[in-house]
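Here is what each chain is made of, one letter per residue.
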Amino acid sequence: MGQFDGRRLSWLRLGVSLGVISALVFTALSGWRWFEDSKAAAGGRAWFAAYVDVTTTPQLEFENPTSTAARDVVLSFIVSSPDAPCTPSWGTFYTLDGAAADLDLDRRIARLRQNEGDVVVSFGGAINDELATVCVDEDQLLEAYTAVVDRYDLRTIDLDLEGAGLTNTEAIDRRAAVIAKLQAARDAKQKDLRVWLTLPVAPQGLSPEGAQAVTAMLKAGVDISGINVMTMDFGDSRGDGVSMADASIASLNATHTQLSTLYAGAGDPLGPATLWRRMGATPMIGQNDVPGEVFGLDAARELNQFAYDRGMGRLSMWSLNRDRTCGANYPNTRVVSNSCSGVDQDSSTYAQTLHDGLTDRPDAVVVTPTAAETASASRAPDDPQSSPYPIWEEDLTYVAGTRIVWHQNVYVSKWWSTGDLPDDPTVTQYSSPWQLVGPVLPGEEPVPSPTLPEGTYPDWKTAEVYTQGQRVLFDGVPFSAKWWTQGDSPTARSTQSEPSPWERLSDAEIRRVVAGADN
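Quick caveat, the model's predicted, so the values are computed rather than measured. (Residues numbered from 1 in each chain as written. Predicted model: local features only at pLDDT ≥ 70, side-chain atom pairs only at ≥ 80, totals over all residues. Heavy atoms only, no water.)

## So, the sheet that holds strand E22 (residues 477-481)
Taken together, 3 strands build an open sheet; the order of strands is E21-E22-E24 and the sheet is antiparallel. The open sheet has two free edges, formed respectively by strand E21 (471-474) and strand E24 (502-504), since each of these has just one partner strand. In this sheet, neighbouring strand axes are inclined to one another by 40° on average, regardless of whether the strands run parallel or antiparallel. Inspection of the sheet shows E21 paired to E22 by 4 bridges, in the antiparallel sense. Looking at the pairing, Val 472 lines up with Phe 479 of E22. (Pairing = 2+ DSSP bridges. Helix = DSSP H or I, 4+ residues; strand = E, 2+ residues; numbered from the N terminus. Axes fitted to C-alpha atoms, helices over the stretch in contact; angles between N-to-C directions.)

Here you go:
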């Protein structure tokens, strides 16, 4: 044992010691944060995924991307159903099951993944009710979000908060609490779920409501992957003579400053590089909703370079549906179109311009063969009991819009066809009368043909004479006469040598009749 020397502990000496220890701890923490921030700066480039409006017409074939820039997409928008606030819908028009039946959405997502792309799903938008604004029961709200995430096997979701979705403070807190529960449930299943907030912005930064939405998510414990700001429709906030590119960059710099304060206030101070990795930007390509605002291709190049230089985490655009030059029959390009940009793009696309140099993906895309792909590769026979549509037959005649199954894939006829092999490898996709929609999905059953109520059209009668254009019902299924006919059953097989005088109405046309859009 050593001998006690009797010296007293000085308060001054204690204070100095504690100060030294605190300085060492602070230095260690600062060094760690610097290390983490340096890692973020070297952590790759932003991912790019363009928004796709799922319900607009004409329908965009996102499942067959024309370039790597169009390979990943943000499908929009999931909102509340008009008559069932806690039921998710696509733009109020389709339930999840309805989108699978009417838009073949599930199958098209599967096809995109076969093409090594993937989807992010966006909730909210500017027009309809984001789920949390009208579904006030948290358990039901959690079920609604979970139904979407599970159905489409999502790894990343996007919360596009605008209007009431941003100003309803109760909804902001409710959404944050439920998203935190959703992430925890996914973690328990060892399934990661990345969450991005998409918010409106001005050159001066986020609105107070936008900042509050971020704060609520952080307070609830949500692991926010990033804040994506909508660099569009600036209106009066964009000063005279300020370009769209400069306004966009100013809004990103201002938001970066705000987020630094918000994260520090939540007890999670982040370095500047880490913050840039948690930021994204989404311009509205071409003509914006505000008449005087046009986001040109040069602006897209400037924004792309800025994202590259800062090491941002994401770039998107509204929307892939619009990424083309308007046709000559669209006379006023200053009016926003859902189908073209309003800008003469020549041979360029906004998707490729914004994607240039960005190498990351929304999440790791793991392409594994599905049961349908395995069956297709082995030429397994198609089973009528598990095929959603009739199996293709060589001697039958098919009209435009007919869906069939062949080698475990679903095809739709682009025009009249008979004897044309759906998967003929010697025919280009443009000259083939068949368009590949996607694989037969596990657990599918034959889809019943839609029917019409008795009395919508006269029942077919053997002795009756029918002329071109007349419509009849046969067991509730409507047919239209192609030419004069008598005694020919509408359901008789139509072959090339003996074509039927009857044409079955397409499913889409039948639904229009049911809805009262046709008589």
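## Examining the pairing of strand E7 (residues 156-160)
Counted residue by residue, E7 has 5 buried out of 5 residues, so it is predominantly covered. Residue alternation in E7 divides its side chains into two sets, Thr 156, Asp 158 and Asp 160 and Ile 157 and Leu 159, and both sets are buried. (Buried < 20%, exposed > 50% of the residue type's maximum accessible area, 1.4 Å probe, protein only.)

## A closer look at the environment of Tyr 330
Along the polypeptide, Tyr 330 turns up in the loop between strand E14 (314-315) and helix H12 (350-355). According to the relative accessible area criterion, Tyr 330 is partly exposed, its value standing at 27%. When the C-alpha positions of Tyr 330 and Gly 342 are compared, they lie 9.1 Å apart, and in sequence the two are 12 residues distant. One polar contact links the side chain of Tyr 330 to the main-chain carbonyl oxygen of Val 335, over a distance of 2.7 Å. (Polar contact = N/O pair within 3.5 Å; in protein donor to acceptor, adjacent residues only side chain to side chain.)

## A closer look at the sheet that holds strand E19 (residues 434-439)
Spatial ordering of the open sheet is given by E16-E17-E19, a layout of 3 strands whose pairing is antiparallel. On the outer flanks of this sheet lie strand E16 (403-406) and E19, each paired with one strand and no other. Recorded for the sheet is a direction-independent mean angle of 35° between the axes of neighbouring strands. Lying over the sheet, helix H3 (residues 105-114) contacts strand E17 (409-413) and E19, oriented at roughly 90° with respect to E19. (Contact = heavy atoms within 4.5 Å.)

## Regarding the pairing of E19
Most of E19 sits out of view: 5 of its 6 residues are buried. Bridge count for E17 against E19 is 5 bridges, and the pairing is antiparallel. Bridge pairing in E19 links Val 412 to Gln 435.

## Considering the pattern of salt bridges
Inspection of every chain in the model, using the stated rule, returns 17 salt bridges. The closest approach of N and O atoms between Arg 277 and Asp 360, which form a salt bridge, is 3.1 Å. Note that Arg 277 is positioned in helix H10 (residues 272-277) and Asp 360 in the loop between H12 and helix H13 (371-377), a separation of 83 residues in sequence. For Arg 277, a relative accessible area of 18% translates into the label buried. Overlapping salt bridges, with partners in common, bring together Asp 104, Arg 107, Arg 403 and Glu 444 in one network. (Salt bridge = Lys/Arg side-chain N within 4 Å of Asp/Glu carboxyl O.)

## Regarding helix H8 (residues 208-220)
An ideal rise of 1.5 Å per residue puts 18 Å on 13 residues; H8 measures up with 18 Å between its terminal C-alpha atoms. Turning to H8, its buried residues number three or more, namely Gly 210, Ala 211, Ala 213, Val 214, Ala 216, Met 217 and Leu 218. Remark: Gly 221 follows H8 within two positions and exhibits a positive phi of approximately 90°. (Expected span 1.5 Å × (residues − 1).)

## Digging into the state of the cysteines
Counting across every chain of the model gives 2 disulfides. A sulfur-sulfur separation of 2.0 Å characterises the disulfide bridge that pairs Cys 86 with Cys 135. Classification of the bridge connecting Cys 86 and Cys 135 rests on its S-S torsion, roughly 95°, and on that basis the disulfide is right-handed. One end of the pair, Cys 86, is in strand E4 (residues 84-90); the other, Cys 135, is in the loop between helix H4 (131-134) and helix H5 (138-151), and 49 residues separate them in sequence. Each member of the pair, Cys 86 as well as Cys 135, is classed as buried. For the protein, the bonded cysteines pair up as 1-2, 3-4 when numbered in the order they occur along the sequence. (Disulfide = S-S within 2.5 Å.)

## Looking at the packing of aromatic side chains
Applying the stated rule across the entire model yields 11 aromatic pairs. Ring centres 5.2 Å apart and planes at 65° place the aromatic pair Phe 123 and Tyr 145 in the edge-to-face group. Taken together, the residues span a long stretch of sequence, with Phe 123 in strand E6 (residues 118-124) and Tyr 145 in helix H5 at a distance of 22 residues. Ring-pair connections join several aromatic residues into one group, and the members of that group are Tyr 51, Phe 77 and Trp 318. (Phe/Tyr/Trp six-rings, centres within 6.5 Å; stacked < 30°, edge-to-face > 60°.)

## Points about the packing of H8 against helix H9 (residues 244-265)
Running from amino to carboxyl end, H8 crosses H9 at an angle of 30°, the nearest separation of the two axes being 10 Å. Between H8 and H9, the angle is such that the two are roughly parallel. For the element pair H8 and H9, the recorded crossing hand is right-handed. Residues Ala 211, Val 214, Thr 215 and Leu 218 of H8 form the contact with H9, whose participating residues are Leu 259, Leu 262 and Tyr 263. (Parallel < 35°, antiparallel > 145°, perpendicular 65-115°, else oblique. Left-handed = near helix turned anticlockwise from the far one by under 90°.)

## So, H5
Along its 14 residues, H5 runs 20 Å from first to last C-alpha, staying within 8% of the 20 Å computed at 1.5 Å per residue. The set of residues buried in H5 consists of Leu 141, Ala 144, Tyr 145, Val 148 and Val 149. An end-on view of H5 places all buried positions within 125° of arc, on one side of the element. In H5, the exposed positions angled more than 90 degrees off the buried face are occupied by Asp 139 and Glu 143. Capping the start of H5, Asp 137 holds a side-chain oxygen 3.0 Å from the backbone nitrogen of Asp 139, two or three residues further along. Backbone geometry just downstream of H5 places Asp 153 in the positive-phi region, at approximately 50°. (Arc of directions from axis to C-beta.)

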